[in-house]
Amino acid sequence: MTNALLRNARLIDPEAGTERLGWLRIEGGRIAETGEGPRAGGIDCHGACLAPGIVDIGVKVGEPGERHKESFRTAGRAAAAGGVTTMVTRPDTATPIDTPEVLEFVTRRAQQDASVKVRPMAALTRGREGREMTEIGFLLDAGAVAFTDGDAVTANTKVLSRCMTYARSLGALIVGHPQEPGLSEGAAVTSGKFASLRGLPAVSPMAERMGLERDLALVEMTRVRYHADQITTATALPALARAKAAGLDVTAGVSIHHLTLNALDVGDYRTFFKVKPPLRDEEDRLAMVEAVRDGLIDVICSMHTPQDEESKRLPYEAAASGAVGLETLLPAALRLYHAEALDLPHLFRALSLNPARRLGLEGGRLAPGAPADLVLFDPDIPYILDRYALHSKSRNTPFDGQRMQGRVLRTWVDGAVVYDRAQEKAA
Amino acid sequence: MKFSQTHLLGIEDLHPMEITMLLDRANVHAEAERGSRQHGEPLKGLTQINMFFEASTRTQASFEIAGKRLGADVMNMAMAASSLKKGETLIDTALTLNAMHPDLLVVRHPHSGAVKLLADKVNCAVLNAGDGRHEHPTQALLDALTIKRAKGRIHRLNIAICGDIAHSRVARSNIFLLGRMENRVRLVGPPTLIPAGAADWGVEVYDDMAEGLRDVDVVMMLRLQKERMDGAFIPSEREYFHRFGLNAEKLSYAKPDAIVMHPGPMNRGVEIDGTIADDINRSVIQEQVEMGVAVRMAAMELLAENLRARREKGAA
């Protein structure tokens, strides 16, 4: 059913920056019309919030190579349950997505199994080894929306500059991971009082600024389109602001974990809080929230990184990095709303509108003509998060046992319902 | 106006009239090569030494044949396997050689500017057979002669030079020569292989073959060196061929009578489709090789005339 009328909903429109009670009509999988006030017929949303579905840049799915951690089927279910209607997948799989052949495999698997839209990113260098560039032209033709080596920072600046120069001629977007690779090597936490007391190898927040400054200098040189996957430290922000003011085609993201957690959450070596880059001080977290509010940081993402139980059940230093986030992205982001740091239209600019725009995708909007990729949620329902209730194949969430407020009720992709909480509860 | 050069180090040093003189003289030799094979032995009694500090088969053979047909005593020195390995500097090699009184010295060296450095230290005429990424003047001259014979003129043509411009001495010499003769030159290639600042050379730069080849009279392909893959200049041979390799479809953007050139050796299926290279109606690649001998004859002959004149003056 790709025709529907949704009435009595709080319409969150990130483009117009408004929220108003009204209705939305879906026709042929697209938004046909929206309006204010009451209307008869259709589905009563009981005043819940209706927003454009989340476009999550940087989702790791374990295909190919690590399907035991996450498959397209389970990732799709988790995404749908979290209001994520487009997963922009990472190429840092066990077999890196660095050739058109692997990309085509991934695209086919996604079409077969994932209930939400999947747009793949491809590796920037072969094997993510930072030596030879990938077939950026062929990969673009095969559907890659961006190019990134993820956390395998290209240490060789000459190689990176050539990749950027080549990418520029094809209009390709490069996603960087701002981090000085030498300084951050082996680090498990951010340096400071806490790290020293716990005796963990640490990295200065300055490593992020150094990595970003280098990347931005290369962007100025090559004029490539660039997105920093995660900016997490206050010290890196002035460089980002300067680049934007200078008119460079630069955007930046931040993971939900760095917006809602800080280094002290690691507490007693809790490995579910080990992420890359490591969690920062509270001052940095507050600076990131402010940067999202000011629009300096454009995108909030989940950095969904599934890890199996065994890879986390290790000493902190040896444990794998990353946390699942598809399902917790919206509930955690609503903490910022409840803390009155961001209003809902603003939140969905960073979750839906900006990432879609950056990748040249149609979604992220509540306007007529846009695809009916939608999420209906109640921002107020309180509950305690149980990681075993997650749809993801891996359950490594730092929010386990935490009080959350806000739940997804229903999710649509191209007008079709891909998640319905009422049905799930009944079943 | 007369040909006033002591050496042939680069096209950059040549006046348009000197280029014309070289081409006219070369054309005479080209015709003689096809007919009587009589050139009158203008280099008789002169010693020509070919010093190649970088391996070469084609260029060295071409210089050797040119010298021999004009009556010179020709000697090849494979410098890549010689005194340099024993630690001798380039200048010492030049001085040693100079003491043997050669008349014509043909030099190829992997470093830009090395041939000039050597020319400053010797008393004979030096011909640059390629120095690093700098110049390869006889290649540009043979290309010009080939174009002139095919198109009837070597001015006011639209010429596209395609591929690895950044590492190519052939490209630089051709840009000098074709620009000096008032042609419109375009450079086409991936931006990683277009040198910085090329747009300020008085040429047009394209990163798309369809646009770059539109309505050109001449398509000049350059060799892609395989080691370029390691340096992350291009992703792969197959993507390079897809975007920048010359095939029938891309050639269709050029004028219907456009000619196709390649300095050789070719990588079929990398920068050029084999059927294009073999198309006798479009490809002048074999003629380029033929003109190479004629152009080298003309260059050595004109330099030898100046050398003899200088020596007579010195003796008088």
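Residues numbered from 1 in each chain as written. Chains lettered and ligands numbered in written order. Predicted model: local features only at pLDDT ≥ 70, side-chain atom pairs only at ≥ 80, totals over all residues. Heavy atoms only, no water.

## Topic: the overall build of chain A
Each helix and strand in chain A was counted, giving 14 helices and 17 strands. Scored against the burial criterion, the 427 residues of chain A give a buried share of 60%. Long-range pairs, those at least 24 residues apart, make up 74% of the contacts in chain A between residues at least 6 apart in sequence. Roughly 15800 Å² of accessible area belongs to chain A as shown, and the carbon and sulfur atoms make up 48% of that amount. One finds the centroid of the 51 positive side-chain charges in chain A at a distance of 1 Å from the centroid of its 55 negative side-chain charges. (Helix = DSSP H or I, 4+ residues; strand = E, 2+ residues; numbered from the N terminus. Buried < 20%, exposed > 50% of the residue type's maximum accessible area, 1.4 Å probe, protein only. Contact = heavy atoms within 4.5 Å. Areas by Shrake-Rupley, 256 points an atom, 1.4 Å probe, with all protein chains shown as cover. Lys, Arg positive; Asp, Glu negative; His and termini not counted. Charge placed at Lys NZ, Arg CZ, Asp CG, Glu CD.)

## Regarding the environment of A:Ala217
All names here are of chain A. Mapping Ala217 onto the fold places it in helix H7 (residues 206–222). Looking at Ala217, the relative accessible area reads 45%, which means it is partly exposed. Counting along the chain gives 56 residues from Ala217 to Ser161, while the straight-line C-alpha distance between them is 9.8 Å.

## Description of empty space enclosed by the protein
Empty space among the atoms becomes apparent when a probe as large as a water molecule is rolled across them. All names here are of chain A. All chains considered together, the criterion is met by three cavities of 30 Å³ or more. The calculated volume of the largest cavity comes to roughly 120 Å³. Sorting the residues of the lining of the largest cavity by element identifies helix H4 (157–170), strand S9 (173–176) and H7 as the ones contributing at least two each. With three residues, the single largest contributor to the lining of the largest cavity is S9. Lining the second largest cavity, in full, are Ala188, Val189, Thr190, Phe194, Ala263, Val266, Phe273, Pro278, Leu279 and Tyr316. For the lining of the second largest cavity, the per-class residue count stands at nine nonpolar, one polar and no charged. (1 Å grid on protein atoms, 1.4 Å probe; cavity = no way out; pocket = protein on both sides within 12 Å on 5 of 7 lines; lining within 4 Å. Points joined across faces, edges and corners; volume = space filled by probe spheres on them. Nonpolar A, V, L, I, M, F, W, Y, C, P; charged D, E, K, R; others polar.)

## Some details on the nonpolar core
Counting residues in hydrophobic clusters, the biggest one holds 100 residues, and the most contacted among them are A:Met87, A:Ile231, A:Ile300 and A:Phe348. Dropping the residues within four chain positions of it, A:Phe348 is found in contact with A:Ile12, A:Pro14, A:Ala51, A:Pro52, A:Ile54, A:Leu330, A:Leu353, A:Val375 and A:Phe377. In this structure, B:Leu43, B:Phe52, B:Leu187 and B:Ala298 belong to the second largest nonpolar core, which totals 61 residues. (Core = buried A, V, L, I, M, F, W, Y, C linked by side-chain atoms within 4.5 Å.)

## Some points on the pattern of salt bridges
A full pass over the atoms with the stated rule returns 54 salt bridges over all chains. Taking the shortest distance from any N to any O, the salt bridge between A:Arg285 and A:Glu282 comes out at 2.9 Å. Of this pair, A:Arg285 and A:Glu282 are both found in helix H10 (residues 282–294), three residues apart, which corresponds to roughly one turn of the helix. By relative accessible area, A:Arg285 is classed as buried at 16%. Residues B:Arg34 and B:Glu287 are paired through a salt bridge, measuring 3.4 Å at the closest nitrogen-oxygen approach. (Salt bridge = Lys/Arg side-chain N within 4 Å of Asp/Glu carboxyl O.)

## Section: the environment of B:Glu33
All names here are of chain B. Note on placement: Glu33 falls in helix H1 (residues 16–34). Look at Glu33 and you get buried, because its relative accessible area is 17%. Once residues lying within four places of it in the same chain are set aside, the contact partners of Glu33 are His39, Arg69, Val293 and Met297. Reaching out from Glu33, the side chain makes a polar contact with the side chain of His39 at a distance of 2.7 Å. (Polar contact = N/O pair within 3.5 Å; in protein donor to acceptor, adjacent residues only side chain to side chain.)

## Quick word on the confidence of the model for chain B
In the predicted model, chain B carries a mean pLDDT of 93, and 97% of its residues have values of at least 70. Across the assembled chains, the prediction reports ipTM 0.84 with pTM 0.91. (pLDDT = per-residue confidence, 0-100.)

## Things to note about the sheet that holds strand S7 (residues 84–89) of chain A
Residues and elements named next belong to chain A. If you walk across this open sheet you meet the three strands as S6-S7-S8, and the pairing is parallel. The sheet is open, and its two edges are formed by strand S6 (54–59) and strand S8 (117–120), each paired on a single side. Averaged over all adjacent pairs, the angle separating strand axes in this sheet is 20°, with direction ignored. In this sheet, S8 lies alongside S7 in parallel orientation, the contact comprising four bridges. Across the sheet, the residue bridging to Thr89 is Pro120, located in S8. (Pairing = 2+ DSSP bridges. Axes fitted to C-alpha atoms, helices over the stretch in contact; angles between N-to-C directions.)

## Focus on the packing of aromatic side chains
Counting across every chain of the model gives two aromatic pairs over all chains. Centre to centre, the rings of B:Tyr240 and B:Phe244 are 5.7 Å apart; their planes meet at 40°, and the pair counts as tilted. Taken together, the positions of B:Tyr240 and B:Phe244, both in helix H8 (residues 237–244) and four residues apart, correspond to about one turn of that helix. Judged by its relative accessible area of 2%, B:Phe244 falls in the buried class. Across from the ring centre of A:Tyr269, 5.7 Å away, lies the NZ or CZ of A:Arg198, which sits over that ring. Positioned over the ring face of B:Phe241 is B:Lys250, at 5.9 Å from the centre of the ring. (Phe/Tyr/Trp six-rings, centres within 6.5 Å; stacked < 30°, edge-to-face > 60°. Lys NZ or Arg CZ within 6 Å of the ring centre and 35° of its normal.)

## Digging into the sheet that holds S9(A)
All names here are of chain A. Strand order across the open sheet formed by four strands is S9-S12-S13-S14, with parallel pairing between neighbours. This sheet does not close on itself; its edge strands, each paired only once, are S9 and strand S14 (299–301). If you compare each strand with its neighbour and ignore which way they point, the axes differ by 25° on average. Relative to S14, strand S13 (residues 250–255) runs parallel, the two being bridged by three bridges. Bridge pairing in S14 places Val254 opposite Ile300.

## Comments concerning the pairing of strand S6 (residues 184–188) of chain B
Residues and elements named next belong to chain B. Here S6 lies mainly inside the structure; four of its five residues are buried. Two strands pair when backbone bridges link them, and strand S5 (residues 158–162) and S6 are joined in this way by five bridges, in the parallel orientation. Bridge assignment links Ala160 to a residue of S6, and that residue is Arg186. As paired elements, S6 and strand S7 (residues 204–206) share three bridges and run parallel to each other.

## Looking at the interface of chain A and chain B
Across the contact, 18 residues belong to chain A and 16 residues belong to chain B. Taken together, both faces of the contact between chain A and chain B bury some 1400 Å²; the carbon and sulfur share is 53%. If you look at where chain A meets chain B, you find two salt bridges. We note a salt bridge from B:Arg238 to A:Glu135, for which the minimum N-O separation is 2.5 Å. Where the side of chain A that touches chain B is concerned, the elements lending two or more residues are helix H2 (100–113), helix H3 (136–141) and H4 of chain A. Sort the elements by how many residues they give to the side of chain A that touches chain B and H4(A) lands first, with six residues. (Buried area = accessible area lost by both parts, 1.4 Å probe.)

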